[in-house]
Amino acid sequence: MRTIANLIFLFTLCLPLFVLSKNDSDGDSSTVKKFMRLANEQLKNGKMDSADFYYNKAGFLAKRINYHRGFLDYTSRYSNFLFQELRYKEALIVAQQQLELSLKLNEKKRASNAYNNIALQYHALGNFHLSAENFIKGLRLSEQLNDPLNQRITYTNMASLFFDIGDKKKSLYYAQKGYDLAIQLKDETQITRSLVNLGCSKTLNGNYPEAIADFKRVISFGKKNSDITLELVGIINIADIYIRTKDYKKALEWNQKGYAMLNPNTRGDYDIYILGGLANSYFNLKQYKKADHFFKQVIGNAEDQLTKNELRDLYLVGSNLKEQLNKPTEALMLRKKYQALSDSMLNATTQNSIQEQEIKYQSSLKEKTLAQQKLKLSNHRYELQKKNKWLIFSISLCALFMTLSLLIYLVYRQRQKASLAEREKQLLQARLTGEENERSRQARELHDGVGGILSAARMQMSTLKDEIVGSQIGTYARTLSLINYASEEVRNISHNLAPEVVLNEGLEMAITRFCKRISQPGLSINCYLIGKIPPLKSEYELLIYRIVQEAVNNILKHAKATEAIVQLSINDAILSLTIEDNGIGFDTAIFSKTGMGLMNLQSRTLNLGGTFEISSLPNSGTTIFLEFDVKSFILNPDQEAINLKAKSFATPINPEAF
């Protein structure tokens, strides 16, 4: 049976690259990486000669500059490339260089990989003794490192080795161990590829129904994932089982299925397996001319592309065929080639040496408690790697598209939020402007209307002073006092409503006068200014002034305080405003539900881009701290003068009018 050794040999590639040497220069090491990248690109595009050229340039430069990291990467990848190109002797030399440097640098994991690669080349070259020796060395290292990935790969390869020397039990034992690890991984691809080896071992042990079932699962997975490689593997092995069971018609049917699937991109050794299977099927059906037709197609490339074990089987088929065609000379030549290969590969010394190596390993294995872990099986065929790379590229492209779409959506949402915030700001500004205009109108109405009436009433009362006699004098004095009090109240209200004090005298003076004016018996309000407040845009100063008014009015209405302070300070364009009282305080946890004045104060502050903090406890007073960045609102004197002129009202209120 054809073991299809190339399909189950696994290289451990693309391992994480660690910095192993500091001796290389950035420029030269970058050139090595560039050559490796170019080689991989050429390999991906099917340009093998160009890939070979760049791999050799990378390896030569990495060795010359003592760039260990680059040289180990080169040996790992290039040995795999040579193996796929069926250049086993060259691959063996490169893998030995990989092992030598790994041991020198005490890189045990890389050394384990190198042992596995060396063993693969010896296996392909028919040197089973050295193949087994290196497999077991690599397996022991991977066990020391608790590296189940290399253990799983080595189990698979050792099963193939024992298969080729005809040791049924050992082949099935190691194939089953590799399959069990794949099951633990719960990776369908790993399980499927392990089934190939397990099916071959079951075939060797005569368990044909289970082997056919395993290979049909392999074919099903290949169809599901559009992997012609796995489909052909299953087909070739099922056809071989039917030849073993002498059901040659079914063997022919399966080989014809495989033949129909071949295309120019199919790897050469697959053609050989299918063509060889057809030759064998037709031979056993006694259709010797058809068998010879396919044998002639396969024998030309077989000696270059098949392993020695597979080539030996093909020589035997050809020898028997030539005998039936009455070509004794060709039959004898093929029989001699078959016998020579058999003698070189399966002599007693080789068999005993392999068994001895395996027994030593089993003995050492019993002394340990192996923790079997699940690991992925590295892909060893170029076509499958190409498909995986395209799949990764497609997924990455989709992920990139989704990421960009998400970013665009988030930017769009952010812009929507910013636009909404700007509209809200404009609406608030319009509302505040409307409020200021209404306050100005009410202030003028009070001044021109109620204020004028009270002034007239006071003047009228003054004319009656000489006519008042007796008991009417007291009444007259009380009436005049009430008129004066009303006039004072109207004047205070008018001052509070009108913005002219801010626009004409600036924020500092406006707040200072407001605190003096609002102070009353039982409540002392002190104003403190720290630092020189620069001129700000008039509308901004007015908004700050209204915030102070709102906070102080809250003290008057609710705090029951006897003392309060208003502190205004400036530091590096940061305007700080502190308003504090010694009143009854309140629970800040509930102010958002009941404190409409404070909520309005907070809303004004936040819409000006400021920060708002409030601290209060029952019977412990209240402190409000506000902070604004006024850098963008500071004006030079010329700008302020222009703004004041533009903002002045037609009928300014004279504070001394009443």
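Just so you know, these numbers come straight off a predicted model, no measurement behind them.

### So, the overall build of the chain
Helix and strand counts for the chain stand at 26 helices and five strands. Sequence separation of 24 or more characterises 68% of the internal contacts of the chain that already satisfy a separation of 6 or more. Counting only carbon and sulfur atoms, one obtains 55% of the accessible surface of the chain, whose full area is about 33,200 Å².

### Comments concerning the pairing of strand β5 (residues 622-629)
For a regular strand, side chains alternate in direction, first toward one face of the sheet and then toward the other. Here β5 shows one buried face, formed by T622, I624, L626 and F628, and one open face, formed by T623, F625, E627 and D629. Looking at chain direction, strand β3 (residues 574-581) and β5 are connected through eight bridges and run antiparallel. When the bridges of β5 are listed, D581 appears paired with T622. Remark: five residues form the turn of the hairpin made by strand β4 (residues 611-616) and β5, two consecutive strands paired antiparallel; N619 in that turn has positive phi of roughly 65°.

### Considerations on the nonpolar core
One broad rule of soluble globular proteins: the nonpolar side chains tend to lie buried together. Judged by nonpolar contacts, the single largest core of 66 residues is most densely connected at M158, F295 and L306. If we skip the residues at most four places from it in the chain, L306 touches I272, Y273, L311 and L314. By size, the runner-up hydrophobic cluster in this structure holds 36 residues, among which are I555, A559, I624 and V630.

### Section: the pattern of salt bridges
All told, the structure shown has 15 salt bridges when counted by the stated rule. With a shortest N-O distance of 3.8 Å, D227 and R193 are connected by a salt bridge. Placement of D227 in the loop between α11 (208-224) and α12 (228-244) and of R193 in helix α10 (residues 188-204) is noted, with a sequence separation of 34 residues between them. For the salt bridge of K296 with D292, the shortest nitrogen-to-oxygen distance reads 3.4 Å. Of this pair, K296 and D292 are both found in helix α15 (residues 288-305), four residues apart, which corresponds to roughly one turn of the helix. Its relative accessible area of 52% is what places K296 among the exposed residues. Relative accessible area serves as the criterion here: at 6%, D292 is assigned to the buried category. Each of D292, K296, K322, K327 and E330 takes part in salt bridges that share partners, so that together they form one network.

### Quick look at the packing of helix α23 (residues 538-559) against helix α25 (residues 596-607)
Relative orientation of the contacting elements α23 and α25 amounts to 160°, with a least axis distance of 10 Å. By the angle between their axes, α23 is roughly antiparallel relative to α25. As for the relative orientation of α23 and α25, their crossing is left-handed in sense. Contacts between α23 and α25 involve R546, I547, E550, A551 and N554 from the former and G597, L598, N600, L601, R604 and T605 from the latter.

### A word on a positive patch on the surface
Together, K216, K223, K250 and K257 line one region of the surface with positive charge. Broken down by secondary-structure element, the contributors of at least two residues to the positive patch are α11 and α13 (248-261). Along the chain, the position of K257 falls in helix α13. Relative accessible area serves as the criterion here: at 45%, K257 is assigned to the partly exposed category.

### A closer look at the packing of aromatic side chains
Tallied over the entire structure, the rule returns 17 aromatic pairs. With a centroid separation of 5.9 Å and 15° between ring planes, the pair formed by Y78 and F81 is classed as stacked. Linking Y78 with F81, this pair stays in helix α4 (residues 68-84), spanning three residues, or about one helical turn. For the residue pair Y78 and F81, the accessibility class agrees, reading buried in each case. Seen in terms of ring centroids, Y173 and Y174 are 4.9 Å apart; in terms of plane orientation they differ by 80°. Their pairing is edge-to-face. Judged by its relative accessible area of 0%, Y174 falls in the buried class.

### Considering the sheet that holds strand β1 (residues 524-530)
With mixed pairing, five strands are arranged side by side in an open sheet as β1-β2-β3-β5-β4. Lying at the two open borders of the sheet, with one neighbouring strand each, are β1 and β4. Across the sheet, the mean angle separating the axes of adjacent strands is 10° when strand polarity is ignored. As paired elements, β1 and strand β2 (residues 563-571) share seven bridges and run parallel to each other. Counterpart to I525 in the pairing with β2 is A564.

### Topic: the packing of α10 against α11
Relative orientation of the contacting elements α10 and α11 amounts to 150°, with a least axis distance of 8 Å. By the angle between their directions, the pair α10 and α11 is classed as roughly antiparallel. In terms of crossing hand, the pair formed by α10 and α11 is left-handed. Between α10 and α11, the contacting residues are E188, T189, I191, T192, L195, V196, L198, G199, C200, K202 and T203 on the first element and Y208, E210, A211, D214, F215, R217, V218, F221 and K224 on the second.

### A short note on the confidence of the model for the chain
Here the chain shows a mean pLDDT of 78. Residues at 70 or above account for 74%. Ranking the helices and strands of the chain by mean pLDDT puts β3 first, with 93, and helix α1 (residues 5-8) last, with 40. For the stretch residues 1-25, pLDDT sits under 50, and the model shows 101 contacts to residues farther than four places along the chain or on other chains. In the model, residues 639-658 has pLDDT below 50 throughout and makes 34 contacts with residues more than four positions away in sequence or in other chains.

### Some remarks on the side chain of S281
Along the chain, S281 falls in helix α14 (residues 268-284). With near-sequence residues (within four places) excluded, S281 lies in contact with I243, Y248, A251, L252 and N255.

### Some details on helix α5 (residues 88-104)
Helical geometry: 3.6 residues make up each α-helical turn, so side chains three or four residues apart lie on a common side. The end-to-end C-alpha separation of α5 is 24 Å, in line with the 24 Å expected for 17 residues at 1.5 Å each. Where α5 is concerned, the buried positions are Y88, A91, L92, V94, A95, Q98, L99, L101 and S102. A positive backbone phi angle near 60° is found at N106, which sits one or two residues after α5.

### Some thoughts on a nonpolar patch on the surface
On the surface, W390, F393, L397, L400, L404, L406, L407, I408, Y409, L410 and Y412 cluster together into a nonpolar patch covering about 1,200 Å² of accessible area. Examined against the element boundaries, F393 turns out to sit in helix α19 (residues 382-463). Since its relative accessible area comes to 45%, F393 is described here as partly exposed.

### Topic: helix α16 (residues 308-324)
The end-to-end C-alpha separation of α16 is 25 Å, in line with the 24 Å expected for 17 residues at 1.5 Å each. Within α16 the residues assigned to the buried category are N309, E310, L311, R312, L314, Y315, V317, G318, S319, L321 and K322.

### A word on the state of the cysteines
Throughout the structure, instances matching the rule amount to zero disulfides. C527 takes part in no disulfide bond, and the closest cysteine sulfur, belonging to C515, lies 4.4 Å away. On the accessibility criterion, C527 (23% relative accessible area) is partly exposed.

Cut-off values and rules
Residues numbered from 1 in each chain as written. Predicted model: local features only at pLDDT ≥ 70, side-chain atom pairs only at ≥ 80, totals over all residues. Heavy atoms only, no water. Helix = DSSP H or I, 4+ residues; strand = E, 2+ residues; numbered from the N terminus. Contact = heavy atoms within 4.5 Å. Areas by Shrake-Rupley, 256 points an atom, 1.4 Å probe, with all protein chains shown as cover. Buried < 20%, exposed > 50% of the residue type's maximum accessible area, 1.4 Å probe, protein only. Pairing = 2+ DSSP bridges. Core = buried A, V, L, I, M, F, W, Y, C linked by side-chain atoms within 4.5 Å. Salt bridge = Lys/Arg side-chain N within 4 Å of Asp/Glu carboxyl O. Axes fitted to C-alpha atoms, helices over the stretch in contact; angles between N-to-C directions. Parallel < 35°, antiparallel > 145°, perpendicular 65-115°, else oblique. Left-handed = near helix turned anticlockwise from the far one by under 90°. Patch = residues over 30% accessible without salt bridge, like charges linked within 9 Å, V, L, I, M, F, W, Y side chains within 5 Å. Lys, Arg positive; Asp, Glu negative; His and termini not counted. Charge placed at Lys NZ, Arg CZ, Asp CG, Glu CD. Phe/Tyr/Trp six-rings, centres within 6.5 Å; stacked < 30°, edge-to-face > 60°. pLDDT = per-residue confidence, 0-100. Expected span 1.5 Å × (residues − 1). Disulfide = S-S within 2.5 Å.

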